[in-house]
Amino acid sequence: MSRFYWVAEDRAATARHGGYVDARHPWGLPGVRCHVCGATWSAVGHDFPSVDLSALPESRELVTPRPESFAEFVRLRELVRPYVPAGVALPPGTDFGPLVGRAVGGLGPVVWSGTRMLLRRDALERLHAEGVLGLMGCPTSLRFRQKDPPELMELQLEPLGRFHPDCIPADVPPPCPTCGRFGLSRPEAPILDAATLPTDLDLFRVGNFATMVIGTERFRDSVLRLGLDGLTFRELPTR
Ligand SMILES: [Zn+2]
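So, a few notes on the structure that sits alongside this text. (Residues numbered from 1 in each chain as written. Predicted model: local features only at pLDDT ≥ 70, side-chain atom pairs only at ≥ 80, totals over all residues. Heavy atoms only, no water.)

Some thoughts on the coordination of the zinc ion
Protein-derived ligands of the zinc ion are Cys34 (SG), Cys37 (SG), Cys176 (SG) and Cys179 (SG), with the metal-ligand distances lying across 2.3 to 2.4 Å. Bound by four donor atoms, the zinc ion shows angles of 105 to 116° at the metal and therefore tetrahedral coordination geometry. Each donor residue of the zinc ion lies on the same chain, and together they follow the pattern C-x2-C-x138-C-x2-C. You can see Cys34 sitting in the loop between strand S4 (31-33) and strand S5 (40-41) and its partner Cys176 sitting in the loop between strand S15 (159-160) and strand S16 (203-206), a full 142 residues away along the chain. (Donors = N, O, S within 2.8 Å, 3.2 Å for Na, K, Ca; no water. Tetrahedral: all angles 85-135°; square planar, octahedral: opposite > 155°, others 65-115°. Helix = DSSP H or I, 4+ residues; strand = E, 2+ residues; numbered from the N terminus.)

Encoded structure:
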């Protein structure tokens, strides 16, 4: 079995390049005010930049982030469901559509915008040529001030696989049966649940902790061989 790595932003590399991307997706499911668990929340890391909702008559209702009742959230979620791949989780705060915003200053081959990961088109093509599997690059709509700006693609990284129960503290309550909220902080020593990990993708998010990006050994080796800066790698055990 492949080794797996927690892939994160190399902040030193970002600082060296000096620039940043300030952008958002055009549509999103609202947050939820849950009448069962009492939490008002929305998830982070559930982004579908390839999903265009401009043909959805109610898409205007998905423009302004806000909390809604669970019933209203479900109504909007079911309007969106035909537009997304079958079987994906659509928690409150799931975003859709190409990133819109601005890019400022110098950027490397890998650019992070919050938890979103963008690649320069040439870097994405070189990773594809290395045989890295499952990198879906989506067009962005970014304004640059410089001449000849780079073309940045946002990766659609689906939340898949789970943490192993052994790394989740015993005092963390199970997910809310209604809204699905799981109040888990990042474990001190994350362990991936081997049986749940995808076998046909080299980069994905943890299904029950989607801010965390996981790469395979093939992804890491390719990035290092190509000398693409902007990423740190920490190996995680599987069980
Ligand atoms: Zn709830």
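Remarks on the packing of aromatic side chains
According to the stated counting rule, one finds six aromatic pairs in the structure shown. Between Tyr5 and Phe233, the aromatic rings sit 6.4 Å apart at their centres with planes inclined by 90°, giving edge-to-face as the arrangement. Of the two residues, Tyr5 is situated in strand S1 (residues 4-9) and Phe233 in strand S18 (residues 231-236); the sequence distance between them amounts to 228 residues. We classify Phe233 as partly exposed; its relative accessible area is 22%. Aromatic pair Phe48 and Phe96: ring centres 6.2 Å apart, planes at 20°, arrangement stacked. In this pair, Phe48 is assigned in strand S6 (residues 47-48) and Phe96 in strand S8 (residues 95-96), connecting sequence segments 48 residues apart. Judged by its relative accessible area of 0%, Phe96 falls in the buried class. Here the aromatic cluster, defined as three or more aromatic residues joined through ring pairs, consists of Tyr5, Phe219 and Phe233. (Phe/Tyr/Trp six-rings, centres within 6.5 Å; stacked < 30°, edge-to-face > 60°. Buried < 20%, exposed > 50% of the residue type's maximum accessible area, 1.4 Å probe, protein only.)

Digging into the pattern of salt bridges
Scanning all chains against the criterion turns up 19 salt bridges. One salt bridge in this structure joins Arg16 and Asp229, with 3.6 Å as the shortest N-O distance. A residue pair is termed long-range when its members are at least 10 positions apart, and Arg16 in helix H1 (residues 11-17) and Asp229 in the loop between helix H4 (217-226) and S18 qualify at 213 residues. Its relative accessible area of 23% is what places Asp229 among the partly exposed residues. (Salt bridge = Lys/Arg side-chain N within 4 Å of Asp/Glu carboxyl O.)

Keep in mind these values describe shape, not function.
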